[in-house]
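A structural walkthrough
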Amino acid sequence: MKLLLIEDDTELAKSLVERFHEQDYVTEHVSNGDDGLAEALRGDFGAIIVDRMVPGMDGLALVKALRREKSTPVIFLTTMGGIDDRVQGLEAGGDDYLVKPFAFAELLARVRVMTRRIAHSPSKLSAGSIEMDLVQRTVMREGRSISLLPQEFRLLEYMMRNVNRVVTRKMLLENVWDIHFDPHTSVVESHVSRLRGRLNSGFGIDAIQTVRSIGYRLLAPN
Amino acid sequence: MPFKPCAVSDTDCLRPTRILKSDVFRFAALFAFLFLAFTGILLGTVLWIVQETQRAALMSANDADIATVANGFLDEGIPEAVEVVKQRLGSPALSRPLRPDFYMAIENEQGQQLAGNLPQLPRTIGIFTTRFGQSVILGRGVEVTKGVYLFVGRDTAQLTATRARILRAFFWVVLGAIVIAVVGGLFLGVRFMRRIDAIAATCKGIIAGRWDERIPLLGREDEWDRLAGAINEMLNRISALLENLRQVSSDVAHDLRTPLTRMRNRLEEARAKSTSISEYSAAVDTAIDDTDQLLAMFSALLRISQVEAGARLSSFSLVSLTDVLENIYQMYQPVAEDYQHSLISNCQKDISIRGDAELLTQMFSNLVENAIRHTPEHTRIQIVLKSDGKLVTASIIDDGPGIGSSEHEKVLRRFYRVSSSRSAAGHGLGLALVAAIAQLHHAKLTLSNANPGLRVDTTLRSDWQR
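Residues numbered from 1 in each chain as written. Chains lettered and ligands numbered in written order. Predicted model: local features only at pLDDT ≥ 70, side-chain atom pairs only at ≥ 80, totals over all residues.

Quick look at the interface of chain A and chain B now. How big an interface is tends to be reported as the loss of accessible area on association of its parts. Facing 19 residues of chain A, the contacting portion of chain B comprises 23 residues. For the side of chain A that touches chain B, the elements supplying multiple residues, two or more each, are helix H4 (83–91) and helix H8 (187–200) of chain A. Tallying contributions element by element places H8(A) first for the side of chain A that touches chain B, with 4 residues. (Contact = placed C-beta atoms within 7 Å. Helix = DSSP H or I, 4+ residues; strand = E, 2+ residues; numbered from the N terminus.)

This paragraph deals with the sheet that holds strand E9 (residues 380–387) of chain B. Residues and elements named next belong to chain B. Within the open sheet, the 5 strands sit side by side as E7-E9-E10-E12-E11. Their pairing is mixed. Each end of this open sheet is capped by a strand with a single partner; those strands are strand E7 (342–347) and strand E11 (444–449). On average, each strand axis in the sheet is inclined to that of its neighbour by 15°, with strand direction left out of account. (Pairing = 2+ DSSP bridges. Axes fitted to C-alpha atoms, helices over the stretch in contact; angles between N-to-C directions.)

In this section: the sheet that holds strand E12 (residues 215–218) of chain A. All names here are of chain A. Strands sit in the order E10-E12-E11 across an open sheet of 3 strands; the sheet is antiparallel. Looking at strand neighbours, the two that pair on one side only are strand E10 (166–168) and strand E11 (208–211), the edges of this open sheet. Adjacent strand axes in the sheet meet at a mean angle of 30° when their direction is disregarded. Its contacts with the sheet put helix H5 (residues 104–115) on E10 and E12, and the angle it makes with E10 is roughly 125°.

All names here are of chain B. Across the interface, helix H2 (residues 23–76) lies against helix H3 (residues 78–89) with an axial gap of 6 Å and an inter-helix angle of 150°. For the element pair H2 and H3, the recorded crossing hand is right-handed. Note on element contacts: H3 touches H2 through Ile78, Pro79, Glu80, Ala81, Glu83, Val84, Val85 and Arg88, opposite Asp65, Thr68, Val69, Gly72, Phe73, Asp75 and Glu76. Here the residues of the contact of H2 with H3 sort into 7 nonpolar, 2 polar and 6 charged. (Left-handed = near helix turned anticlockwise from the far one by under 90°. Nonpolar A, V, L, I, M, F, W, Y, C, P; charged D, E, K, R; others polar.)

Function cannot be inferred from these measures alone, as they are strictly geometric.
As structure tokens, then:
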């Protein structure tokens, strides 16, 4: 999988290229906006990581221009953590928005989720023996019905859409609760713990794996 | 109004040249000029009317005399006309006229004077003026019959005297107007400049760093007082913001120093004492945690300042407060359970206000989280939402230990932490953000004792900015 990184901080870029390489991603690095757009239009990338403030064409304009031609997933990296900046980024055509400084694991998890995003929305999801009916709002595991509260259902739905991939706490807060700030309490942990309880009750295998200090991964249990 | 000496400072001084340059003085001068021009026109008209009336009266007397002479001629010919002239002039023997303001003369075809008190006549027909000695005579010349010339005229001394009187009056009026304009202009100019100088002096004081200076009010409640009041209010606001900024900078400097020092000590200790990879990585993990805490503090500060700057006002829309609070309830219910608390929601349905859903969510999240984190186990926390039509009140009430009344105001400040919670994790910015969001929504935030516990009420106007 090839990634394009448009970032003018060479030290950060170098470290990201190396770390993505460790994760078997080939990353092409460009340090200004104009070259970035040319490269993005020319190449075939799984995802584009773009800093909002790069020399030449800025990130927002770049993504707007790119969107006229291609739908390659784009994730913004930015120090502009303003409340409106995120909205601007997403409106310009970005698919995700990550504020600097960030943990590499956070970026990696988002890139992974993004590069395998399925465009169509099926009415049923399945992860191993867990099946979810999005219309009927029901969940079955090995044919046994599991009742969930609305927020637990949404939490599981997001994890099932990203089965076998790490989802970070931040991603869960943003996508399940639409929360864009850091809570001071263990909101995610408490909900995951309850979901885990309902999902695993009566089954030997824990379907939700905790990835220490990063987030969770739903494994497809057989 | 006395002039102040020009010694103290530039603004206190009232030099005459400054007054002459002042706008008010120029305005007064322009006004005086217009007044004079108007007075001139008025007096000119009066003068003209009076003089015309006097001339008309004079001429009608002349014409009456001419008519008498003409009647004499018609009745009995020239000798009778001459006789009438003589009668009108009094005695024919007198060489000097009996009445010095009345002149009459009749001449035959040869230019020989038959009767009269004027030596020489120009034999002009019609109305004209002629001089005789010191007198200016206005009269009419007619031909009584072919070649016989009659002149009747009267002295215009009265006309001249009246004109002189009117012009004299005009002179005094003009003089008075000029004096009033100059004195009034100076008075207004001085008064105007006094006030301007008071404002300028305050501005200079503030430029010089004396932030507590304010423009003195005269208590007259005139436009000056209103202006001064508005400027003072603005200065108060700016001072408060500056003070706030100063406070924040020093707080940031102080509050950053503590975690940075701690981090540095830990790293130094790790380098000096750690012997294994696991010890090193433990030290690095702690350092990462410390940095995260610092970053969280920064983003909280940034968010507060963004909210305070009001940048989000443009994104206000109709928000269902019921939904916001219900979501918060569902979100924090499991968390509260983990803390061994009970979280109860009692929200009236369908309550909407204008606002920013994301910020409102953060505001009530912060309040609920505070109640969860800073109370002992088995605390009952209630989320209550109710509306009386005009006012919407959202309350977060706990029955924990509460905080002292003296601290109800203080906890809303940045970095302020009640003594009992100093050891708990957090940066003391949560309630400052709550206060900023409440202010953005024009909401009243009230902390009170729930006996026992703390009650935080957020009162919003449901029709605000609709």
